[in-house]
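# Descriptive analysis of the structure
Below are the chains, spelled out letter by letter.
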Amino acid sequence: SLALSPRNALTLLFSSYRNLLARKQSARLDKHSDLGWKLFGKAPLRENAQKDSKRIQKEYEDKAGRPSKPPSPKQNVRKNLDFEPLSTTALILEDRPANLPAKPAEEAQKHRQQYEEMVVQAKKRELKEAQRRKKQLEERCRVEESIGNAVLTWNNEILPNWETMWCSRKVRDLWWQGIPPSVRGKVWSLAIGNELNITHELFDICLARAKERWRSFSTGASEVENEDAGFSAADREASLELIKLDISRTFPNLCIFQQGGPYHDMLHSILGAYTCYRPDVGYVQGMSFIAAVLILNLDTADAFIAFSNLLNKPCQMAFFRVDHGLMLTYFAAFEVFFEENLPKLFAHFKKNNLTPDIYLIDWIFTLYSKSLPLDLACRIWDVFCRDGEEFLFRTALGILKLFEDILTKMDFIHMAQFLTRLPEDLPAEELFASIATIQMQSRNKKWAQVLTALQKDSREMEKGSPSLRH
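Let me begin by describing the structure that accompanies this report. All values derive from a computational prediction rather than experimental measurement.

What follows covers the pattern of salt bridges. Across all of its chains, the model carries 14 salt bridges by this definition. Between E139 and R142 there is a salt bridge, and its shortest N-O distance comes to 2.6 Å. Separated by three residues within a single helix, E139 and R142 lie in helix α3 (residues 105-158), roughly one turn from each other. Residue R142 is classed as partly exposed on the basis of its relative accessible area, which comes to 48%. When the shortest N-O distance is used, the salt bridge between D280 and R321 registers 3.7 Å. Here R321 lies in the loop between α12 (314-320) and α13 (324-341) and D280 lies in the loop between α9 (264-277) and α10 (287-295), a separation of 41 residues in the sequence. For D280, a relative accessible area of 34% translates into the label partly exposed. What makes R321 partly exposed here is its relative accessible area of 45%. Connected via shared salt-bridge partners are E129, R132 and R133.

With that settled, consider helix α17 (residues 389-402). Taking 1.5 Å of rise per residue, the 14 residues of α17 would be expected to cover 20 Å, and the 20 Å separating its terminal C-alpha atoms lies within 8% of that figure. With eleven of its 14 residues buried, α17 lies for the most part within the structure. Restricting attention to buried positions, one finds in α17 the residues E389, F391, L392, F393, R394, T395, A396, L397, G398, I399 and L400.

Below, the discussion takes up unusual backbone geometry. In this structure, N197 takes a positive phi of about 55° despite not being glycine. A positive phi angle, close to 50°, is found at L367, a residue other than glycine. By secondary structure assignment, the location of L367 is in the loop between α15 (357-365) and α16 (374-387). When its relative accessible area of 0% is taken as the criterion, L367 is described as buried.

Another aspect to go through is the environment of T420. Looking at the secondary structure, you find T420 in helix α19 (residues 412-420). We classify T420 as partly exposed; its relative accessible area is 46%. Distance in space between the C-alpha atoms of T420 and S371 is 7.4 Å, their sequence separation being 49 residues. Of the polar contacts made by the side chain of T420, one reaches the backbone oxygen of Q417; its length is 3.2 Å.

Calculation notes
- Residues numbered from 1 in each chain as written.
- Predicted model: local features only at pLDDT ≥ 70, side-chain atom pairs only at ≥ 80, totals over all residues.
- Heavy atoms only, no water.
- Salt bridge = Lys/Arg side-chain N within 4 Å of Asp/Glu carboxyl O.
- Helix = DSSP H or I, 4+ residues; strand = E, 2+ residues; numbered from the N terminus.
- Buried < 20%, exposed > 50% of the residue type's maximum accessible area, 1.4 Å probe, protein only.
- Expected span 1.5 Å × (residues − 1).
- Polar contact = N/O pair within 3.5 Å; in protein donor to acceptor, adjacent residues only side chain to side chain.

Dropping the structure here:
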């Protein structure tokens, strides 16, 4: 043997120790890698790391030198099931590992019964859900078939003979059920009419003036057009700014009227053109919602014609021109029918000093398009086009009747908050059923007669009161 110097012997000993340490560390890492497991998940799991209970049991028996037993009938129960709930509770049918005492027969039987009960309950839930989906599908098909038949009736029978059929009993019933979206715009245009004789050419002229005005304000020009005499530049600029602000707040959930949306320019054009067509009215908050609903159902020029004629109706003109006297007359007429139909709720409102203007103004200004879901608001518009302003107030009474039980338990603040922010999931059929129960007749007088009488009384009071006259 060769003699080693002390230094060489020390080096050799250190090298052997390092190699031994490296082999132990490598073996430990291989073991961790085989199991695919490391505390806190710092080592990635292998693809086959998750082993089912039977495989783990078999490997354990192989290592222990025990023969693997054939699966018991209990283990085959799950294989024979047509339906199995996705739940860890299914593990109650598994036998215990071989290194643990076997389940007693009574416990195994109990677990099997519990599992079968869970399967039965899961099947019932699945069946109930399937029946619900089937019912929804059948209802959707029924509605679609009904709409399809209504479209044919409107297109083939009613619209070609509008003048003779629009007021018939059959058409009025179809109107109440809701006008199909594909013909809604055409029906609205015919029902609203065009008493102002507005043409597409007039719309183009008003729109051109509006665009010129926008350019003049953007460039800081101060020239005043002849047709705007009497209206200050500050008023016109404020009106344009208000249009811009209101458009951004019009049906924000739809994201189609805001800047960059597909209908932004159309809405801006109609509102701008109207301020040029009716500078005496200008733009008033709430108009954007009415114009937006029309845009969704009509072309731009036709929407402008319907919009202008709609706002020219007595009720809308009273509100948009803020004619306080006439607005108070409308509120007084509403309260006559309120007391007639809902005396208990009427007394509760009076007791809490909740006046109609608190909730009616927003409903009337936007024709419910801001207060109700859009599809429901369109159905309100359908009958409004048929029955006129009376239906707006009848709808208000229908809403109050629908929520009468809730409102009678509220104080002033909560009633005002509730009525200015109605539930978003308001069912259309329930609301229309509630509206149908409202009788617009008081002491043998209809809405128009009551309103006319109140207007006459109001004029006589003005004539007889020096303070009102001056």
